[in-house]
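This is what each chain is made of:
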Amino acid sequence: MAAADLNSIRATIEGRLATELASSPAIPVVFHNMPYEPTPNSSFVQCLTTFGANEYLSQGLTTNSRNRIVGVVVFNIFSAAGVGPGANYVIGKRIRDLYNRVNVSGVFFDAPTGPEALASPAPEGYFQTQVRVTFESIEEL
C-alpha cells in the first residue's frame, strides 16, 4: 500500500461539514487559507484541520507496516453579537452530531469538545464559540 493521502483525509473531514451546512438553513463555511468577508449580523463557520503527532503501530520498515495519523479539527462558530448564544449553540450541536464518535471513510472521530464560548472573538463584532474534535486514520505502508 501507499502512504496516506493527507488531502483525502482533509477532504473527508471538510466535505462532511460543507454538505451538512449547505442546507436547513445554509451557513457559509470557510477553510484554511481562504479569504472571506463576513456579512454583518450573520453566522458562519471556520473549519481548521490540523495534523499532529503520529505513531508506529507495527515495526515494519517502509512496507507491511502501519502508522496512526492523529489530528484535530477546530470549528470556530460565529454569530451576531448581542443577541445571546442560542443561534451559535444550534450550529454547534449540528457540528457535534456530525462528528460525534463516527468512522467516515477510514477517519475515526472522537467525542467533540464544546461549543465553548471564547472571550475575544476574531473577527470582532461576533459571538464566537469553538468545537474541537480529534481524529485518527490508519496508514498502511
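Just so it is clear, the structure is predicted and the values come from calculations on it, not from any experiment.

Reading the values: rules and limits
Residues numbered from 1 in each chain as written. Predicted model: local features only at pLDDT ≥ 70, side-chain atom pairs only at ≥ 80, totals over all residues. Heavy atoms only, no water. Helix = DSSP H or I, 4+ residues; strand = E, 2+ residues; numbered from the N terminus. Buried < 20%, exposed > 50% of the residue type's maximum accessible area, 1.4 Å probe, protein only. Polar contact = N/O pair within 3.5 Å; in protein donor to acceptor, adjacent residues only side chain to side chain. Contact = heavy atoms within 4.5 Å. Phe/Tyr/Trp six-rings, centres within 6.5 Å; stacked < 30°, edge-to-face > 60°. Pairing = 2+ DSSP bridges. Core = buried A, V, L, I, M, F, W, Y, C linked by side-chain atoms within 4.5 Å.

Caption draft 1: Quick look at the side chain of serine 42. The topology assignment puts serine 42 in the loop between β1 (29-31) and β2 (44-56). For serine 42, a relative accessible area of 18% puts it in the buried group. A distance of 2.5 Å separates a polar side-chain atom of serine 42 from the backbone oxygen of threonine 39. With residues near it in sequence (within four places) discarded, serine 42 still touches Phe78, Ser79, Ala80 and Tyr126.

Caption draft 2: Molecular detail of the packing of aromatic side chains. Applying the stated criterion to the full structure yields eight aromatic pairs. Plain terms: the ring middles of tyrosine 36 and phenylalanine 44 are 5.0 Å apart, the flat faces sit at 45° to each other, and that makes the pair tilted. Residue tyrosine 36 is classed as partly exposed on the basis of its relative accessible area of 33%. Residue classification places phenylalanine 44 among the buried residues on the basis of a relative accessible area of 5%. Geometrically, the ring pair formed by tyrosine 99 and phenylalanine 109 is edge-to-face, given 5.0 Å between the ring centres and 70° between the ring planes. Here phenylalanine 109 lies in strand β5 (residues 107-109) and tyrosine 99 lies in helix α2 (residues 86-99), a separation of ten residues in the sequence. The same class applies to tyrosine 99 and to phenylalanine 109, which are both buried. Put simply, the rings of Phe51, Phe75, Tyr99, Phe109 and Phe135 pair up and form one aromatic cluster.

Caption draft 3: Region of the structure containing the pairing of strand β7 (residues 126-140). When strand β3 (residues 66-80) meets β7, the two strands line up antiparallel, connected through 15 bridges. The partner of phenylalanine 75 across the bridge, within β7, is valine 131. Examined bridge by bridge, β5 and β7 share three bridges and lie antiparallel to one another. Bridging from a neighbouring strand, phenylalanine 109 pairs with phenylalanine 135 of β7. Strand direction decides the pairing type here: strand β6 (residues 113-117) and β7, joined by three bridges, are antiparallel.

Caption draft 4: Highlighting the nonpolar core. Core analysis: the biggest nonpolar cluster contains 23 residues, and Ile13, Leu17, Val45, Phe75, Ile95, Tyr99 and Phe109 have the highest contact counts within it. Every element with two or more residues in this core is listed here: α1 (6-20), β1, β2, β3, α2, β5 and β7.

From the geometry alone we can't say anything about function, so treat these as descriptive.
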